Each structure stands twice: as C-alpha cells, then as structure tokens.
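Descriptive structure summary
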Amino acid sequence: MRRFVEGTDRGQSTLFPECLEDWIGEDNPVRVIDVFVDELDLAELGFSGVDPEVTGRPSYHPSVLLKLYIYGYLNRVQSSRRLEREASRNVEVMWLTGRLAPDHKTIADFRKDNGTAIRKVCARFVVLCRAMGLLTQASVAIDGSKFKAVNNRDKNFTRAKMERRMAQIEESVTRYLQQLDTADRQEPSEALKTKTSRLKEKIEKLKEQMRRLEILKVEMLATPDQQISLTDPDSRSMATSGRGSGVVGYNVQVAVDTEHHLIVTHDVTNVGSDRAQLAGMAKATKAILERTNLDVIADRGYFSSDEILECDKAGITVTLPKPVISNPKRFGKQDFRYVAEEDVYICPAGERLTHSFTTQEHGLVLRRYLTNVCQRCAIKHRCTTAKERRITRWEHEHILEVVQRRLDEHPEKMRQRRETVEHPFGTIKARMGATHFLMKTLPRVASEMALHVLAYNLTRVMNIMGIQPLMAAIRA
C-alpha cells in the first residue's frame with residue numbers, strides 16, 4: 001500500500017464547474033478590483049478609448065486593461081508580456097476580464113498612454129479611504145527611497161565618471177602602444193603578426209570609444225546638473241546609504257499615515273537629495289487630508305531652514321532632528337545658550353556673545369554674535385582657534401528651536417517614523433523583486449509608481465477592513 005497522496009489520472013475525464021463564477025470565492029481580492037474599477041468614471045479621469053470608434057477594429061474597454069494592471073501589481077506581475085500570459089492561463093484573470101486576452105503590445109500601450117489617468121485612480125482610492133474614515137489622524141511620516149531605473153550604471157555619466165573613463169582609455173591605449181613597440185623589436189613571425197593585428201584593432205576600438213565620449217561630454221556639460229543617461233534620459237545617479245554605492249534611478253517620496261500605514265500621497269523625482277522635498281510633500285498631504293493642521297515626522301535628511309519655515313507658515317508641525325556637523329572635540333552651537341530677552345548668547349565659560357552685525361547669505365538674513373574675551377579664556381582650546389568666537393543666528397531661528405524642543409520632549413517620534421514609513425517601501429520593493437522600473441522617463445515612471453502605491457493601499461485596506469466590507473463601502 002502506497003503511503004503518499006496520489007493524484008488523478010491525466011487521461012480521466014473531469015467535470016469542472018460550468019462557469020467561471022464558481023471558481024472565484026466571495027472573499028477573493030479580485031472581486032475588490034472588479035467593484036473598484038466599475039465604480040470609477042473613467043472618462044472623467046481622462047482614460048482614452050472610453051467611447052468606441054465608429055469605424056475600424058473594435059478595441060478593448062479601458063476598464064478591462066485597468067483591472068488587468070491592478071491585478072498584476074497586486075500579484076507581482078508587472079510586465080506586459082507576463083500579463084498577456086496570465087490572461088490566457090489564470091482563472092482569476094479570466095474572471096476579471098471576461099476571458100479577454102489582449103496582446104502585450106495593447107497592454108503596454110495602455111500604461112504608456114494613460115499615465116495621468118492612472119495617477120488619478122491612485123489618488124481617487126486615497127479619497128475613498130478618507131471617506132471610509134481610515135485617515136482620521138492628521139499625522140504622517142515622510143521619507144524617500146531610491147528605486148533603480150532601466151538605465152544601467154555604465155550608461156550613466158557624470159563629470160567625475162567621464163573623466164575616470166577617459167583616463168582609463170588613455171592608459172589602455174598607452175599600454176597597447178608599448179606592447180606594439182616591443183613587438184616591433186622582435187623577429188617577424190606569423191604569431192607576432194596576429195598579435196600585432198589584434199593590438200591595432202584594440203587601439204582603434206578604444207579611439208572610437210574616446211571619440212564617442214568626447215561627443216557625450218559636450219552634451220553632458222550642457223545639462224543643468226552636468227549628468228547624462230543614455231537609456232533613460234531622466235534617470236540620475238544617486239548616492240545610497242551603502243558606503244561607496246549608488247544607483248541610477250529615481251527618488252520616490254511618500255507620506256504615510258501613522259495610524260494605518262496608508263500612503264496618503266507620493267511623488268517621483270530625479271533629485272537625489274531629500275532636503276528640498278519636505279514642504280511640498282507636507283502641503284500636498286495636508287490638501288488631500290483636508291485638514292487645517294498636520295503633524296509631520298521626517299529624518300535628518302529633510303532638515304532645511306527654508307523648508308521648515310514654509311511648513312510653519314502653512315500650519316504644519318514638523319518633528320525632525322538637526323544634522324550634527326560640528327567638531328566633537330570643540331564646543332558647537334548647541335553648547336551655547338540663547339537669551340531671547342537680552343538678545344545674547346551665553347558660552348560654556350559664562351561669557352556673553354552680543355550682536356555685532358547682520359548679513360545676508362544664500363537668501364537668508366543672518367545675525368552674527370561674538371565676544372572679544374576669548375584670548376584670556378581658560379577653555380579656549382575647546383572652543384575656537386581664532387581670536388574670537390562667532391555664533392550665527394538666522395532671523396527665524398526660534399522656529400528651529402521649537403522643532404528641536406519638540407524632538408527632545410518626544411524622542412519616541414523617531415521610532416514611530418521608522419515603523420511607519422519604512423514598511424511601505426519594504427513591501428513595494430519586495431513586490432517589485434530584484435529589478436527596476438520597467439518604463440522610461442519621469443512621467444511614465446511616475447505612472448508606474450502610482451500602480452505600485454495603489455496596489456499597496458488596496459492590500460492594506462483589505463487587511464484592515466476585509467473583502468466584503470470594503471466592497472460594500474466602495475459601492476456606497
């Protein structure tokens with residue numbers, strides 16, 4: 001007697017369910033996709049092809065292709081060719097599309113041509129979440145993460161990378177020329193002739209590479225950031241947290257609700273730094289939530305005096321740490337105490353630094369404070385090597401002091417930030433796999449990211465509410 005579970009004979013006749021509806025359970029997530037898309041006004045959102053053409057071959061309704069894409073991004077199937085295969089073999093997709101099987105070109109063109117409308121669908125689901133009472137907390141965490149583009153690192157050139165590559169080519173040409181000189185001093189032979197011919201071919205190829213690099217260098221220097229990418233022209237080389245590492249791609253910004261970890265808003269940029277992103281993301285989040293105030297948590301990479309001031313003017317409360325750039329062996333500005341009533345700073349030795357003059361740098365009005373008693377100070381060696389110590393104060397420094405005080409009173413906010421905003425990035429990158437964005441140029445990459453965000457938010461809400469309650473809320 002066999003001790004294994006045995007399958008049925010492949011030649012045996014089987015009576016499958018007569019309709020696709022019997023294959024899809026009532027709590028299958030694919031039903032949420034179907035209801036959500038059917039409730040959308042695709043014409044209002046801007047999808048093309050909603051109204052059929054009078055003549056020509058009939059086209060697929062955009063709702064079919066939108067459902068297909070949402071299903072694909074929910075199930076780690078983002079490629080148009082893989083979606084084409086799924087439409088012919090996946091029972092869930094057959095049920096969702098009514099057994100339609102569009103070709104990969106039709107699927108790919110839909111995503112390429114309806115980018116703006118797809119981004120609006122993502123935003124519409126956030127509005128739905130707000131209507132369902134899932135975004136009641138006016139508190140978000142903001143962060144950014146680097147995502148790879150189609151562009152390979154070898155197809156991206158910065159000024160430094162260009163100079164290194166050209167130096168390598170010159171070094172290789174010099175080495176091959178030396179080998180040719182050595183070959184000329186040897187006795188002629190067939191092997192030597194072959195070697196000489198091969199060296200000349202290598203030198204010619206390197207010279208051709210140098211000519212192409214010279215042309216690229218001119219184009220690169222003409223760009224604002226002096227950087228050029230050959231495959232995806234909008235992608236940029238960006239530093240990552242790993243030492244000596246980097247990625248050619250895009251910087252994705254998200255604002256995540258601290259209660260349910262839903263992505264309220266997102267943005268895709270090809271600027272590697274987060275320093276100028278805080279105010280824009282915070283204001284967009286506040287507008288979407290329709291709140292008069294908003295609490296924002298971010299990391300030190302977002303610290304910018306101008307950005308914090310913009311948030312303060314917009315009624316947005318910011319909590320983030322200030323980067324420490326002072327010498328640990330010497331007293332920093334944080335070791336000096338400001339007395340607002342007297343407009344003076346008190347140094348660690350108890351001396352007063354009074355206001356000396358006001359200047360303007362990089363559009364910021366700065367007040368300079370100094371003292372002239374440093375020469376006879378006993379702890380001068382721990383403070384400054386100059387004759388006098390100067391302290392600079394921004395005209396809106398009190399706003400930065402309030403931010404620091406808020407962080408000191410609530411240090412747990414930084415842990416809350418990590419637990420909130422890093423979870424969506426980890427989930428989205430796990431779904432993408434060890435790959436990159438499939439589309440090129442910033443607008444199309446933004447559309448692809450909107451599908452990732454929509455899939456993430458759908459999954460979160462289904463886990464929070466359940467399938468049937470969510471379907472009922474969408475229909476309401």
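We now turn to the structure provided with this report. Remember, it's a predicted structure, so these values are computed and weren't measured experimentally. Residue indices begin from 1 for each chain and proceed along its sequence in written order. Given that this is a predicted model, residues contribute local features only at a pLDDT of at least 70 and side-chain atom pairs are listed and counted only at 80 or more, while totals for whole chains, interfaces and linings are drawn from all residues. Side-chain numbers here rest on the full set of heavy atoms in the structure, without hydrogens or water.

Numbering of helices and strands starts at the N terminus; helices are DSSP runs of H or I of at least 4 residues and strands are runs of E of at least 2. Within the secondary structure, Tyr 456 is located in helix H14 (residues 442-465). Note on contacts: a residue pair qualifies if any of its non-hydrogen atoms lie within 4.5 Å across the two residues. Excluding residues that lie within four positions of it along the chain, Tyr 456 makes contacts with His 261, Ile 263, His 423, Pro 424, Thr 427, Ile 428 and Arg 431. A polar contact is formed between the side chain of Tyr 456 and the backbone oxygen of His 261, at a distance of 2.7 Å. Two N or O atoms form a polar contact when they lie within 3.5 Å of each other; inside protein one atom must be a possible hydrogen donor and the other a possible acceptor, and for residues adjacent in sequence the pair counts only when both atoms belong to side chains. Only 3.1 Å separates the side chain of Tyr 456 from the side chain of His 423, close enough to count as a polar contact.

Note that Lys 286 resides in helix H10 (residues 278-289). Among buried charged residues, Lys 286 stands out as having no salt bridge; its nearest opposite-charge side chain is Asp 295, 11 Å away. Not counting residues up to four positions away in its chain, the partners in contact with Lys 286 are Arg 291, Thr 292, Asn 293, Leu 294, Ala 314, Gly 315 and Ile 316. Here's how the labels work: a residue is buried when its accessible area is under 20% of the maximum for its type, exposed when over 50%, partly exposed in between, all with a 1.4 Å probe on protein chains only. The sign given to each residue is positive for Lys and Arg and negative for Asp and Glu; His and the chain ends receive no count. The term salt bridge refers to a pairing of a side-chain nitrogen on Lys or Arg with a carboxyl oxygen on Asp or Glu at a separation within 4 Å.

Below, the discussion takes up the nonpolar core. Among the nonpolar cores identified, the biggest contains 98 residues, and Phe 36, Phe 47, Leu 66, Ile 70, Ile 142 and Leu 278 are the most heavily contacted of them. A total of 12 residues in this core trace back to one element, the largest contributor, which is H14. When residues no more than four places from it in sequence are discounted, the contact partners of Ile 70 are Ile 33, Phe 36, Val 37, Leu 454 and Leu 458. Core analysis: the next-biggest nonpolar cluster, separate from the first, contains 15 residues, Val 173, Ile 203, Leu 216 and Met 220 among them. As used here, the term nonpolar core means buried Ala, Val, Leu, Ile, Met, Phe, Trp, Tyr and Cys residues forming a set that is joined through side-chain atoms within 4.5 Å.

Mapped onto the elements of the fold, Met 281 is located in helix H10. Note: C-alpha distance between Met 281 and Asp 184 (97 residues apart in sequence) is 67 Å. In this structure, Met 281 is in contact with Ile 142, Gln 253, Val 254, Ala 255, Thr 265, His 266 and Asp 267, ignoring residues within four places of it in sequence.

This brings us to the sheet that holds strand E13 (residues 389-394). The strands making up a sheet associate through backbone hydrogen bonding, with each pair oriented either parallel or antiparallel. Here, a strand pair is defined by DSSP locating no fewer than two bridges between the strands. Strand order across the open sheet formed by five strands is E9-E10-E11-E12-E13, with antiparallel pairing between neighbours. At either margin of the open sheet sits one strand with a lone partner, and together these are strand E9 (337-339) and E13. When the angles between neighbouring strand axes are averaged without regard to direction, this sheet yields 35 degrees. Bridge analysis of strand E10 (residues 344-346) against strand E11 (residues 352-361) gives three bridges, and the strand direction is antiparallel. Looking at the pairing, Val 344 lines up with Thr 354 of E11. Axis lines are fitted through C-alpha atoms, for helices just across the contact stretch, and the angle between N-to-C directions can take any value from 0 to 180 degrees. Against the sheet, helix H12 (residues 397-409) touches E9 and E13, its axis set at about 90 degrees to E13.

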